[in-house]
Amino acid sequence: MKKLALLALIFLTTSINGFAQNKKQDAAAIKKMCGCFEVTFNFAETFNYSEDSLYKPSETKIDKGLEWAQLVEDDKNKISIQHLLQVGPTNSPYIVKHWRQDWLYENTDFYMFNSDNTWNFITKPKAEVKGQWTQKVYQVDDSPRYEGSGTWVHIDGKEYWENTTDAPLPRREYTKRSDYNVTTRGNRHEITTTGWVHDQDNVKVIREARKADVILAKEKGYNTYIKVADSKCKAAADWRSKNQNKWALVRTKWGDIYGRNKSLNLEEKVDNKPLYKFLFDEENYDTAEKINPVIESFVK
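Calculation criteria
- Residues numbered from 1 in each chain as written.
- Predicted model: local features only at pLDDT ≥ 70, side-chain atom pairs only at ≥ 80, totals over all residues.
- Heavy atoms only, no water.
- Helix = DSSP H or I, 4+ residues; strand = E, 2+ residues; numbered from the N terminus.
- Rg over C-alpha atoms; globule rule 2.2 N^0.38 Å.
- Buried < 20%, exposed > 50% of the residue type's maximum accessible area, 1.4 Å probe, protein only.
- Contact = heavy atoms within 4.5 Å.
- Areas by Shrake-Rupley, 256 points an atom, 1.4 Å probe, with all protein chains shown as cover.
- Lys, Arg positive; Asp, Glu negative; His and termini not counted.
- Charge placed at Lys NZ, Arg CZ, Asp CG, Glu CD.
- Core = buried A, V, L, I, M, F, W, Y, C linked by side-chain atoms within 4.5 Å.
- Bend = angle between axes of the 7 residues up to and from the residue.
- Salt bridge = Lys/Arg side-chain N within 4 Å of Asp/Glu carboxyl O.
- Phe/Tyr/Trp six-rings, centres within 6.5 Å; stacked < 30°, edge-to-face > 60°.
- Pairing = 2+ DSSP bridges.
- Axes fitted to C-alpha atoms, helices over the stretch in contact; angles between N-to-C directions.
- Parallel < 35°, antiparallel > 145°, perpendicular 65-115°, else oblique.
- Left-handed = near helix turned anticlockwise from the far one by under 90°.
- Nonpolar A, V, L, I, M, F, W, Y, C, P; charged D, E, K, R; others polar.

Let us look at the overall build of the protein. The secondary structure content of the protein amounts to 5 helices and 14 strands. Relative to a compact globule of 300 residues, whose C-alpha radius of gyration would be 19 Å, the protein shows 21 Å and is just as compact. For the protein, the C-alpha atoms occupy an extent of roughly 70 × 50 × 40 Å along the three principal directions. The burial tally for the protein puts 47% of its 300 residues in the buried class. A separation threshold of at least 6 residues defines the contact pool for the protein, and within that pool the share at least 24 residues apart is 62%. Of the roughly 16,400 Å² of accessible surface on the protein, 53% is carried by carbon and sulfur atoms. Here the protein carries 46 positive and 43 negative side-chain charges, and the mean point of each set is 3 Å from the other.

The structure is reproduced here in structure tokens:
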């Protein structure tokens, strides 16, 4: 009996130490996505299943640029990274606030995209997310985009994380297409010797209430992030320093909304303007008194 108890204690201790060690490896891998990168965005529609003989697939899209990924928060169970695009001439670049990714360890609360600007709040059992990290991805205005949970893998010299989840249409699509309303995203983030890769296998889905989903087409995305000297992204880093207080206020307001733990249905426009156009107005939306009401106005 004593031997069994001792074996159980050894097993438990080994498991706890293993989770702690893996968590450190996971966090280190996530933070390797920070810094200055030369990015190439590649997207191509691979298969279409439309019954419309006039169906036109999305054009293959290849874009390049510099991206600054700033570590915003590094806590025990949370790592937050803000992405900024730096475009235009080297001597006078233009900075675009891009997406943000938050990584939460063993998170149980999720806002899962359904369709048509609606996110359903769900809670998963602790056992289901044991040892996993949730990646929460936000729009340029810090409103929700998509999220999912998975385990970081460190084996045979490879480090990667995978998840499949539903998401709104990407910006390159929703301004041009209205023949589908959900993107089921297969995401793989892999750390490489030169930076990292965002590998995607996406499905374009038509979703209607009380009907089975219809697959319109499939798409391959392959975005490469090649690490370069941080000095190349100085303009983006400077922009972040100048504007960090304002965007901290925006995150705080959204944090309050997410903390309500209720499903979200958001307006696409208020006064004929999307939310990012309000918030990107740096002169008129720079205090909590101005920021909070306009964000709240988009929550139905």
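By size, the foremost hydrophobic cluster in this structure holds 35 residues, and its most contacted members are Trp 254, Leu 264, Leu 279, Val 294 and Ile 295. Contact partners of Ile 295, with chain neighbours within four places excluded, come to Val 250, Lys 253, Trp 254, Ile 257, Leu 275 and Leu 279. Ranked by size, the runner-up nonpolar core spans 25 residues in total, among them Ala 29, Phe 37, Val 39 and Tyr 225.

With that out of the way, let us pick up helix H3 (residues 234-258). For H3, the principal kink sits at Asn 243 and spans about 60°. When we look at burial in H3, the residues that qualify are Ala 236, Ala 237, Trp 239, Arg 240, Asn 243, Lys 246, Trp 247, Val 250, Lys 253, Trp 254, Ile 257 and Tyr 258.

Moving on: the side chain of Arg 240. Mapped onto the elements of the fold, Arg 240 is located in helix H3. Despite being buried, Arg 240 has no salt bridge partner; Glu 73 is the closest side chain of opposite charge, sitting 9.0 Å away. Excluding residues that lie within four positions of it along the chain, Arg 240 makes contacts with Gln 70, Val 72 and Leu 84.

Here we come to the packing of aromatic side chains. Throughout the structure, instances matching the rule amount to 15 aromatic pairs. An angle of 55° between the planes, with centres 5.2 Å apart, marks the rings of Tyr 111 and Phe 121 as tilted. You can see Tyr 111 sitting in strand E5 (residues 109-115) and its partner Phe 121 sitting in strand E6 (residues 118-123), a full 10 residues away along the chain. Exposure class is identical for Tyr 111 and Phe 121. Each is buried.

Strand order in the open sheet made by the 11 strands is E8-E7-E4-E3-E2-E1-E13-E12-E11-E10-E9, with antiparallel pairing throughout. Every interior strand has two partners, whereas the edge strands, strand E8 (144-150) and strand E9 (153-155), have only one. Across the sheet, the mean angle from the axis of one strand to that of its neighbour is 25°, orientation sign disregarded. Looking at chain direction, strand E2 (residues 61-74) and strand E3 (residues 78-87) are connected through 8 bridges and run antiparallel. Opposite Asp 74, over in E3, you have Ile 79 as the bridge partner.

To characterise two packed helices, one gives the angle between the axes of the helices and the distance between these axes. Where H3 contacts helix H5 (residues 288-296), the axes come no closer than 10 Å and their chain directions differ by 40°. Classified by the angle between their axes, H3 and H5 sit oblique to one another. By crossing handedness, the relation of H3 to H5 is classed as right-handed. Contact with H3, carried on its side by Lys 246, Leu 249, Val 250, Lys 253, Trp 254 and Ile 257, involves Ala 288, Ile 291, Asn 292, Ile 295 and Glu 296 of H5 and no other residues of that element. Residues that form the contact of H3 with H5 fall into these classes: 7 nonpolar, 1 polar and 3 charged.

Coordinates in, geometry out; function isn't part of it.
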